[in-house]
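Architecture at a glance
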Amino acid sequence: MPSSAEEASVGPLERGLAVVHALAGAPAGRLRRSDLVRATGLARSTVDRIVTTLVRLGHLREEYGGDAVLTPRVLELGLAYLHASRLPELLGPPAAALADDLDESVSVAVPDRDAVRFVIQTPRRRALSVTFRAGDALPAERCAPGALFAADWDAPDFEHWHARALSDPDDETFPALPRSSAHQRSRPTQEEFRALAKEAGKRGWALDDQLIEPGLLAVAVPVRDGSRRVVCALSVASHSSRHSTASLYERALEPMLRTAQQMTEALTTREERPAAPVPARDASLDPKRELGPDYLQSLARGLSVLAALSDPGGMTLSAVAQATALPRATARRSLLTLQSLGYVAETDRRFIPLPRVLELGYSAVSARSLADVAQPHLVDLVHRVLESASVAVLDGPDIRYIARVAATRVMHVDITVGTRFPAHATSMGRVLLAALPSGQRSAWLAEADLKPLTAHTLTDPVGLQGVLVDAERDGYAIVDQELEEGLRSIAVPLHGPDGKVVAALNIAHHAGRTPLSEVHERLLPALRDTARRIEDDVALAFALRPS
Ligand code: PHB
């Protein structure tokens, strides 16, 4: 029996994870507090404290309209599982090669209790209304990998599956599943599913003939590790307009079996690697003094323990305590709670995260675009400097806006997402051009039509080349009334996880109202600070995306 003190400290972690889970299942990972109360069955005061704590930890943002939204920081949890399993790292490249070879969607899924959870998805979807993402789960009886995994189930596993199916007749615990009433499938009985699984196990492949939605077909084969244990399934999904199940099987099975064999080799010969790059945060630090009883320390500590579990092969209690700077007894309590909730397993005194961790927002948040990730930071920046802020990418001779938050209207033209301006006359264009490898930069300059847009526009290629060298050295560019009279703008680059510049961030302001000294002293630091915040989020959201 846990002592009442233990119960008091364990409860908030469980309830906090229930809140994250509820948000993860909501469209775009957002809900109002009142909806969170309804979704979790928790008291309003409990939800309030959990939200306060999660906001403080940076896992949640509260928008001006009142929605609570999961932030990219929540991805630390799922990434810990993905790094520890090493599946994206080892199996991602062969999966991508198979997708190229077949020109079809290829995925890798793992068993997650009685469900199937995707860990790798190569998006090549045509004519389908449904797409699954890494992190999404499907009921075992509704997809090709499920029958393969169920081939290894014992009687209690089938019982567990059956009980879950009875308690959730409409598959509401699977938010990724399309809910079209036009395609309600009846579930196989326990006997039918056992027979299907047995057959799939014997044959070594399984088919999905429109189990999920009309038109969606898939073939799956098992992927084994060095000890012949099935660790995941490789699937190829297509559409009935391209294939019948028979022709998909004909076309895909051989290359799939070869890829599965390569995957087994990758899993067998993997070299031991040191800890993954997810930084563990010091959970011993105490915002409790500042926030008082509204700050749920055991939730904060439990989340940092889960995020720290990224070592392949699992971590000992001592390693977890060290990574989180927590006392062993505290780390142990978090681990036991996480274990009882099905997020962590212990084998040979090592703790390892389980696929279920991906239900904590991974699929919703990792699918966000650069613009989605940048948007809330632009809102904060505009509130801070009271000028308009934007993000743009280089597109041929132009920059193209991908995100924008307007303060007041300094410009005559309306700028919206999709607006283009000649790159040479804009600050964002200049930091983007400055980031090009020198050969590409020279080629761009050689081709460019450096049109004057105002009396100030720099139109001399040699002069522009010099300005780009300065921008590269300084890490920012200022353009003063070269695009429009009266308009000045300052931009900095935004880097992706690999350090390459992926976009530019700017603040536009009135040249006559803002002295240059203020641009350097007030706007540039705010811009750099915002760029760093966006880059931190991009590093999480794009961590496992092919570049
Ligand atoms: C998929 O990769 O999206 C997929 C895989 C297996 C299925 C259905 C979809 O049965």
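One structure accompanies this document, and this report is about it. (Residues numbered from 1 in each chain as written. Predicted model: local features only at pLDDT ≥ 70, side-chain atom pairs only at ≥ 80, totals over all residues. Heavy atoms only, no water.)

A few points about the overall build of the protein chain
When helices and strands are tallied, the protein chain shows 19 helices and 17 strands. With the principal axes as the frame, the protein chain shows a C-alpha extent of 80 × 60 × 50 Å. Contacts spanning at least 24 positions in sequence make up 64% of the contacts within the protein chain whose residues lie at least 6 apart. For the protein chain, the exposed area adds up to about 24500 Å²; of that, 52% sits on carbon and sulfur atoms. The centroid of the 62 positive side-chain charges in the protein chain is displaced by 3 Å from the centroid of its 69 negative side-chain charges. (Helix = DSSP H or I, 4+ residues; strand = E, 2+ residues; numbered from the N terminus. Contact = heavy atoms within 4.5 Å. Areas by Shrake-Rupley, 256 points an atom, 1.4 Å probe, with all protein chains shown as cover. Lys, Arg positive; Asp, Glu negative; His and termini not counted. Charge placed at Lys NZ, Arg CZ, Asp CG, Glu CD.)

Notes on the packing of helix α12 (residues 317-324) against helix α13 (residues 328-340)
In contact at an axis separation of 9 Å, α12 and α13 are set at 105° when each is read in the N-to-C sense. Comparing their axes, α13 and α12 come out roughly perpendicular. Residues Leu317, Ser318, Val320 and Ala321 of α12 lie in contact with α13, whose contacting residues are Arg328, Ala331, Arg332 and Leu335. (Axes fitted to C-alpha atoms, helices over the stretch in contact; angles between N-to-C directions. Parallel < 35°, antiparallel > 145°, perpendicular 65-115°, else oblique.)

Focus: the pattern of salt bridges
Scanning all chains against the criterion turns up 39 salt bridges. Note that Arg33 and Asp48 form a salt bridge whose closest N and O atoms lie 2.9 Å from each other. Of the two residues, Arg33 is situated in helix α2 (residues 33-40) and Asp48 in helix α3 (residues 44-57); the sequence distance between them amounts to 15 residues. Residue Asp48 is classed as partly exposed on the basis of its relative accessible area, which comes to 22%. Here the salt bridges do not stand alone but share partners, grouping Asp114, Glu141, Arg142, Arg164, Asp171 and Arg187 into one network. (Salt bridge = Lys/Arg side-chain N within 4 Å of Asp/Glu carboxyl O. Buried < 20%, exposed > 50% of the residue type's maximum accessible area, 1.4 Å probe, protein only.)

What about the sheet that holds strand β8 (residues 216-224)?
Strand order across the open sheet formed by six strands is β6-β5-β4-β9-β8-β7, with antiparallel pairing between neighbours. In this open sheet, the two edge strands, each paired with only one partner strand, are β6 (137-139) and β7 (206-209). The sheet shows a mean angle of 30° between the axes of neighbouring strands, direction not considered. (Pairing = 2+ DSSP bridges.)

A few points about the packing of aromatic side chains
Counted according to the given criterion, the structure contains seven aromatic pairs. The interplanar angle of 70° and the centroid separation of 6.2 Å between the aromatic rings of Phe158 and Phe193 together place this pair among those described as edge-to-face. In this pair, Phe158 sits in helix α7 (residues 155-167) while Phe193 sits in helix α8 (residues 190-203), placing the two residues 35 residues apart along the sequence. With relative accessibility at 3%, the residue Phe158 sits in the buried group. Following the ring pairs from residue to residue traces out a cluster consisting of Trp153, Phe158, Trp161 and Phe193. (Phe/Tyr/Trp six-rings, centres within 6.5 Å; stacked < 30°, edge-to-face > 60°.)

Side note on the pairing of strand β13 (residues 398-405)
Of all eight residues that make up β13, seven are buried, and the element is covered over most of its length. Looking at chain direction, strand β12 (residues 388-395) and β13 are connected through seven bridges and run antiparallel. Bridging from a neighbouring strand, Leu394 pairs with Ile399 of β13. Turn length for the β12-β13 hairpin, with the two strands adjacent in sequence and antiparallel, is two residues, and the turn residue Gly396 shows positive phi of about 65°.

A look at the environment of Arg384
Note on placement: Arg384 falls in helix α15 (residues 370-385). Put simply, Arg384 and Asp398 are 14 residues apart on the chain and 28 Å apart in space, counted from C-alpha to C-alpha. At 2.7 Å, the side chain of Arg384 and the side chain of Asp529 are in polar contact. (Polar contact = N/O pair within 3.5 Å; in protein donor to acceptor, adjacent residues only side chain to side chain.)

Focus: the sheet that holds strand β3 (residues 67-70)
Sheet architecture is open: three strands sit in the order β1-β3-β2, paired in antiparallel fashion. Every interior strand has two partners, whereas the edge strands, β1 (30-32) and β2 (60-62), have only one. Neighbouring strand axes in the sheet, compared pairwise and without regard to direction, differ in orientation by 25° on average. Relative to β3, β2 runs antiparallel, the two being bridged by three bridges. If you follow Glu62 over to β3, its bridge partner there is Ala68. Strand contacts of α2: β1, β2 and β3, with the helix running at about 100° to β1, the strand carrying the most contacts.

Notes on the environment of Leu527
For Leu527, the position within the fold is in helix α19 (residues 516-541). Looking at Leu527, the relative accessible area reads 0%, which means it is buried. For the pair Leu527 and Ala364, spaced 163 residues apart in the sequence, the C-alpha separation amounts to 28 Å.

Points about the packing of helix α4 (residues 75-85) against helix α11 (residues 297-308)
A pair of packed helices can be characterised by two numbers: the angle between their axes and the separation between those axes. At a minimum axis distance of 7 Å, the contact between α4 and α11 shows a crossing angle of 35°. Along its contact with α4, which presents Glu76, Leu77 and Ala80, the element α11 presents Leu303, Leu306 and Ala307. For the contact of α4 with α11, the class distribution of residues is five nonpolar, no polar and one charged. (Nonpolar A, V, L, I, M, F, W, Y, C, P; charged D, E, K, R; others polar.)

What to know about the pairing of strand β9 (residues 230-239)
Side-chain direction in a regular strand flips from residue to residue, so the side chains alternate between the two faces of the sheet. Burial analysis of β9 places ten of its ten residues in the buried class, which makes it a mostly covered element. Sheet analysis places strand β4 (residues 105-112) next to β9, joined by five bridges and oriented antiparallel. Residue pairing in the sheet places Val108 in a bridge with Leu234 of β9. As judged from the nine bridges shared by β8 and β9, these two strands associate in the antiparallel manner. Each bridged residue has a counterpart across the sheet, and for Leu216 the counterpart in β9 is His239.

Remember that the coordinates give geometry; whether it matters functionally is a separate question.
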